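Structural overview
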Amino acid sequence: MDELEFRRVRDDVLQAMYWMHAEGLADAPAAVELVRFLAIEPATLTPVLERMVGDGDLERDGERHRLSERGRGEAKRSFADEFADMTRPGHGECDEDCWCHDSPEEAARCLEDRAGHVHG
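Read on for an overview of the structure. Note that this is a predicted model, so its numbers are computed, not measured. (Residues numbered from 1 in each chain as written. Predicted model: local features only at pLDDT ≥ 70, side-chain atom pairs only at ≥ 80, totals over all residues. Heavy atoms only, no water.)

**Things to note about helix α4 (residues 69-82)**
Residues spaced three or four apart along an α-helix point in a common direction, a consequence of the helix completing one turn every 3.6 residues. Taking 1.5 Å as the rise per residue, α4 with 14 residues should run 20 Å; its terminal C-alpha atoms sit 20 Å apart, in good agreement. Here the buried face of α4 lies against α1 (3-22) and β2 (64-67). (Helix = DSSP H or I, 4+ residues; strand = E, 2+ residues; numbered from the N terminus. Expected span 1.5 Å × (residues − 1). Contact = heavy atoms within 4.5 Å.)

Structure (structure tokens):
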């Protein structure tokens, strides 16, 4: 496997493990769970997981792997980069700093004042 392919699979693993942890699906998935989730061949995944352990991105726990502190940081960055277009506010949507988040009354006033203003 060349370095570019390793990095692609590594990013997929980091993002999958970050999402699985955040959703409460798995804190330390087994390789077989990652194979199914990523639709990847075990022969491709196994050396990537081994290298990620060696690089300090993952910690091995028997048959399972867990993101290390370093891996969590890398996973968070990779996940944010990959899904940035989907997670930022769209035109007309409020963001975290919108005045309508100050109180329920402000949110109600916002709804009255702004036609089409979307709240997340």
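Having put the structure on the table, let's press on.
**Notes on the pairing of β2**
Only one face of β2 is covered, namely the face carrying His65 and Leu67; the face carrying Arg64 and Arg66 is uncovered. Of the strand pairs in this sheet, strand β1 (residues 58-61) and β2 are connected by four bridges, and their pairing is antiparallel. Its bridge partner lying in β2, leucine 58 is registered against leucine 67. If you look at the hairpin formed by β1 and β2, you'll find two residues sitting between the two strands, and glycine 62 has a positive phi there, around 65°. (Buried < 20%, exposed > 50% of the residue type's maximum accessible area, 1.4 Å probe, protein only. Pairing = 2+ DSSP bridges.)

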